[in-house]
Amino acid sequence: MLNDNRSLSICQKKNGTTRRISSYDRTGGNKDYYTLLPGTSTEIFNVKGSGYIRHIWMTMATDGMEVAEEEFLPRKIVIRAYWDKEENPSIEAPIGDFFGMGHGITRNFTSEYLMMSPEDGKAFNCFFPMPFESEARIEITSDANNAIKFYFYVDYEECEIKTNDLRFHAHWSRLCPTDGVTDRDMDNAEFEFGGKNTTGEGNYVILDAEGEGHYVGCNFNVHNLRFTKEWNWYGEGDDMIFIDGEKWPPSLHGTGTEDYFNTAWCPQQEICTPYHGLIMGGGPNWGGKISTYRYHILDPIVFRKSIKVTIEHGHNNHRSDDISSTAYWYQAEPHKKQIPVPQVKDRLPLPDINSFNEKSFKKVFAHDNPGQLKV
């Protein structure tokens, strides 16, 4: 049972009015989905007045029985949300990443506020409360190659919101590959443990926000690009969270990647709890793709002026991997404009390569990502 007062509130009188906007067939038929055409944006939710979005459910598939399911579709569809007539979105992320998992794939998992449900994680659910005072809009953009069948519910409550309610935000980031060093530049012990980081500069940035609010967590995805038979643990990097412009060392300084995500000892065992989990643990020697999350629901991280949530990519930022993340936070408006989601070609995952041959890896990477490979 959750250790707060929500279990008691279920019996208390509610003052709002429950509403829903969904993709049901307005003609009374069974075409209960919107068709998203390639390169188009579709507004699925536009409500005037005040209230709270309480629940979002979405699922999607390639339209047409004769068309194969499109690869990496959760990275090709982008969700954006706007509160109270703002120009810059408060939510902007590839849809799969927003609902809790990266790499352009889906997998069944459950946390308290975000989950992917059967079949094969293709049913997306979000229970983060999202207040709005005068207007709420949600827009879906498709960069898929084919027409997409898009089903959704947005359940909300019409009511007066509290004057101190903060607005919900979510933002996606990616660095591919992270600036680091190659295997040949140092021995394995030095690679994993050598040098000191006394500034936090060069850390991977999960969130950089200004204003007043609280950070409520992230999902974090790593594609381990180091092809070696040596010890290949990706998570030796410390988390460092800088609040209100403080200098290094920050008030919140961690001891390792898995430690921030509430696990231990270089884990690969997959687990999902309400507030932390390891959805994908990676392959042999921690190779391949990893997906993990940490949600600060019972322990939100408060900031008054600014917050910068960072984590080293390997000890002393030595590693060069494909890292992406979605940060979630509440804050008073206006918010700092975040870096827009890049074009679809810069969102797609890298191919899975099971090889320790550096020349082979560089050849494949350079072909699929011209101009990106740094060695």
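Trainee: Explain the overall build of the chain here, please?
Mentor: The helix and strand inventory of the chain stands at six helices and 23 strands. Taken over the C-alpha trace, the chain has a radius of gyration of 21 Å; the compact-globule value for 375 residues is 21 Å, and the two agree within 12%. Taken along the three principal axes of its C-alpha coordinates, the chain extends 65 × 55 × 40 Å. Residue burial in the chain is summarised as follows: out of 375 residues, 53% are buried. Sequence separation of at least 24 residues holds for 77% of the intrachain contacts in the chain that already meet a minimum separation of 6. Charge-centre separation for the chain: the mean point of 39 positive side chains lies 2 Å from the mean point of 54 negative side chains.

Trainee: Help me understand the confidence of the model for the chain in this model?
Mentor: A residue-level look at the chain finds 91% of positions with pLDDT of 70 or above and a mean pLDDT of 92. Under a pLDDT of 50 for its full length, residues 367–375 has, in the predicted model, 14 contacts with residues more than four places off or in other chains.

Trainee: So what exactly am I meant to see when it comes to the packing of aromatic side chains here?
Mentor: By convention here, two paired aromatic rings are described through the distance between centres and the angle between planes. Under the counting rule described, the total for this entry stands at 23 aromatic pairs. With centroids separated by 6.1 Å and ring planes inclined at 15 degrees, the aromatic side chains of Phe193 and Trp231 adopt a geometry described as stacked. Highlighted residues: Phe193 in helix H4 (residues 188–193) and Trp231 in the loop between strand E15 (213–224) and strand E16 (239–243), separated in sequence by 38 residues. Summarising the aromatic geometry, the rings of Tyr260 and Phe261 are spaced 4.8 Å apart at their centres and angled 80 degrees between planes, so their arrangement reads as edge-to-face. A relative accessible area of 8% means that Tyr260 is categorised as buried. By way of ring pairs, the aromatic residues Phe98, Phe99, Phe109, Tyr113, Phe124, Phe128, Phe168, Tyr293, Tyr295, Tyr328 and Tyr330 are connected into one cluster. Just above the ring of Tyr52 sits the side chain of Arg54; from NZ or CZ to the centre is 4.6 Å.

Trainee: Where do I start with the state of the cysteines in this structure?
Mentor: One covalent bond between the sulfur atoms of two cysteine residues makes up a disulfide. Considering all chains together, one arrives at zero disulfides under this definition. Unpaired in terms of disulfides, Cys11 finds its nearest cysteine sulfur in Cys159, a separation of 18 Å. Just so you know, Cys218 is unpaired, no disulfide at all, and the nearest cysteine sulfur is the one on Cys272, 15 Å from it. When its relative accessible area of 0% is taken as the criterion, Cys218 is described as buried.

Trainee: When you look at the pairing of strand E23 (residues 322–331) in this model, what are you seeing that I'm missing?
Mentor: Strand residues, when the strand is regular, have side chains that alternate between the two faces of the sheet. The element E23 is largely enclosed, with a buried count of 10 among its 10 residues. On E23, burial covers both faces: Asp322, Ser324, Thr326, Tyr328 and Tyr330 on one face and Ile323, Ser325, Ala327, Trp329 and Gln331 on the other are all buried. Pairing analysis gives nine bridges linking strand E13 (residues 167–175) to E23, with the strands arranged antiparallel. What sits directly across from Trp172, in E23, is Thr326.

Rules of the game
Residues numbered from 1 in each chain as written. Predicted model: local features only at pLDDT ≥ 70, side-chain atom pairs only at ≥ 80, totals over all residues. Heavy atoms only, no water. Helix = DSSP H or I, 4+ residues; strand = E, 2+ residues; numbered from the N terminus. Rg over C-alpha atoms; globule rule 2.2 N^0.38 Å. Buried < 20%, exposed > 50% of the residue type's maximum accessible area, 1.4 Å probe, protein only. Contact = heavy atoms within 4.5 Å. Lys, Arg positive; Asp, Glu negative; His and termini not counted. Charge placed at Lys NZ, Arg CZ, Asp CG, Glu CD. pLDDT = per-residue confidence, 0-100. Phe/Tyr/Trp six-rings, centres within 6.5 Å; stacked < 30°, edge-to-face > 60°. Lys NZ or Arg CZ within 6 Å of the ring centre and 35° of its normal. Disulfide = S-S within 2.5 Å. Pairing = 2+ DSSP bridges.

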